Amino acid sequence: MTPRLLWRRRANTASPYVFVMPFFVLFIAFGLFPLLYTGYISLHRVRLQNPDDMTWLGLENYTNLWHDKFFWKALRNTFTIGLISTVPQLCMALGLAHLLNHRLRGRTFFRVATLMPYATSVAAATLVFGGLFGRDYGMINWFLGLFGVDNVDWYNGTWTSQIAISTIVTWRWVGYNALIYLAAMQAIPHDRYEAAALDGAKSWHQFRHVTLPGLRPTIVFTVVVSTIGAMQIFAEPLLLQGGPIGVRGGASHQYQTIGLYMYETGWSNYALGKASAIAWTTFLIILVVIGVNALVSASRSRRETREGR
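Chemist: Would you explain the overall build of the protein chain in this entry?
Modeler: Secondary structure assignment for the protein chain yields 13 helices and two strands. For the protein chain, the C-alpha radius of gyration of 25 Å lies well beyond 19 Å, the compact-globule estimate for 309 residues. With respect to the principal axes defined by its C-alpha atoms, the protein chain has extents near 90 × 75 × 40 Å. Each of the 309 residues in the protein chain was classed as buried or not, and the buried ones make up 34%. Counting only contacts in the protein chain whose residues sit at least 6 apart along the sequence, the fraction spanning at least 24 positions is 65%. Carbon and sulfur atoms provide 67% of the accessible area of the protein chain, an area that totals close to 19,100 Å². Positive and negative side-chain charges of the protein chain, numbering 26 and 14 respectively, have mean locations separated by a distance of 11 Å.

Chemist: Teacher, can you tell me more about the packing of helix α3 (residues 69-100) against helix α9 (residues 203-231) here?
Modeler: Between two packed helices, what matters for the description is the angle formed by their axes and the separation of those axes. Contact pair α3 / α9: the axes reach a minimum separation of 10 Å and the direction vectors enclose 150°. In this structure, the crossing between α3 and α9 has a hand that is right-handed. Residues Leu75, Thr78, Phe79, Gly82, Thr86, Gln89, Leu90, Leu94 and His98 of α3 pack against Phe207, Leu212, Leu215, Thr222, Val223, Ser226, Ala230 and Met231 of α9. The residue makeup of the contact of α3 with α9, split by class, is 10 nonpolar, seven polar and no charged.

Chemist: Even after reading the chapter, I still don't get the side chain of Asn77, so can you show me in this structure?
Modeler: Residue position: Asn77 is located in helix α3. When sequence neighbours within four positions are dropped, the list of residues in contact with Asn77 reads Gln162, His253, Gln254, Tyr255 and Gln256.

Chemist: Sorry, what's going on with the pattern of salt bridges here?
Modeler: Where charged atoms of side chains with opposite charge meet at close range, the side chains can pair. For the structure shown, the criterion picks out three salt bridges. In this structure, Asp136 and Arg135 form a salt bridge, with 3.5 Å as the shortest nitrogen-oxygen distance. On the basis of relative accessible area, Arg135 is assigned to the partly exposed category, the value being 44%. Its salt-bridge partner being Arg172, residue Glu236 comes within 3.7 Å of it at the nearest N-O pair. Of this pair, Glu236 sits in helix α10 (residues 235-241) while Arg172 sits in helix α7 (residues 158-186); the two residues are 64 residues apart in sequence, bridging distant segments of the chain. Take Glu236: its relative accessible area is 6%, and that puts it in the buried class. The class for Arg172 is buried, based on a relative accessible area of 10%.

Chemist: What exactly am I supposed to notice about α3 here?
Modeler: For an α-helix the count is 3.6 residues per turn, leaving residues at separations of three or four pointing the same way. For α3, which comprises 32 residues, the first-to-last C-alpha distance of 46 Å matches the rise-based estimate of 46 Å (1.5 Å per residue) to within 8%. Measuring from the backbone nitrogen of Phe70 back to the side-chain oxygen at the start of α3 gives 3.0 Å, which picks out Asp68 as the cap.

Chemist: Which parts of the structure should I look at to understand the environment of Phe24?
Modeler: The topology assignment puts Phe24 in helix α1 (residues 3-41). Overall, the relative accessible area of 45% leaves Phe24 in the partly exposed class. On a C-alpha basis, the gap between Phe24 and Thr114 in space is 34 Å, while along the polypeptide they are 90 residues apart.

Definitions and limits used
Residues numbered from 1 in each chain as written. Predicted model: local features only at pLDDT ≥ 70, side-chain atom pairs only at ≥ 80, totals over all residues. Heavy atoms only, no water. Helix = DSSP H or I, 4+ residues; strand = E, 2+ residues; numbered from the N terminus. Rg over C-alpha atoms; globule rule 2.2 N^0.38 Å. Buried < 20%, exposed > 50% of the residue type's maximum accessible area, 1.4 Å probe, protein only. Contact = heavy atoms within 4.5 Å. Areas by Shrake-Rupley, 256 points an atom, 1.4 Å probe, with all protein chains shown as cover. Lys, Arg positive; Asp, Glu negative; His and termini not counted. Charge placed at Lys NZ, Arg CZ, Asp CG, Glu CD. Axes fitted to C-alpha atoms, helices over the stretch in contact; angles between N-to-C directions. Left-handed = near helix turned anticlockwise from the far one by under 90°. Nonpolar A, V, L, I, M, F, W, Y, C, P; charged D, E, K, R; others polar. Salt bridge = Lys/Arg side-chain N within 4 Å of Asp/Glu carboxyl O. Expected span 1.5 Å × (residues − 1). Polar contact = N/O pair within 3.5 Å; in protein donor to acceptor, adjacent residues only side chain to side chain.

These values are about where atoms sit, not about what they do.
Structure (structure tokens):
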């Protein structure tokens, strides 16, 4: 074999690795290394003013979280905000996708308009909704006043503030999930709908027995992604009131999420070790939630397979 042919064969063998190398270099530099270094810091006492001065603590930062009432409150707020934003969001996205799946005039315009909230800056959306939820001059309180409802203090109440934040999250992400559902609906074979129509199934029965089963993998995907997103909610509660109050999640921490508490611990209280422990605890919680979801989905699929047989 000539040297030129040998060089060409080696180049063809190495070229795929060269093409994917930039991704792995960036992933190691900005993904894997910060993750591992955060885990290393979580085992030490580290102050933001002097990050090179580390004192070994082992798992003390993690055990201290079990007795930290603000951590548990932030975790509870994260789950409640995630629940009251994810469930309506996905239900509305499913209904919207079902409407967009029909033959509508200007449906391309409606599909693009559905995605516009997702393209909107989270800061701009939060500032606008912050004005809408204002206690004295907010449009939402003005609308409720038409029905005799007194002004609601959306910021300082526990449930009211969490509903306000969930409204922002729902508004931003419902269109994104609707387009995912729409793409999955268009992938369902039309023959199934024709067979259901021949059997006398109405639109609701077709949606229930044809569309929903065909969307099950997509629904599982959106639930998992929305769960991860709910655990990472940060900008909306931070910007709702802004300043130190926004970092604390309200005057009494009534809407402080786990992301805000981690930010307050690391950048306001300068405890980088504890903040890293909070980050890794959040990561482990997400893995547990995803694992439980995967087990439930797998068991349901096995049960349906047995019933189909």
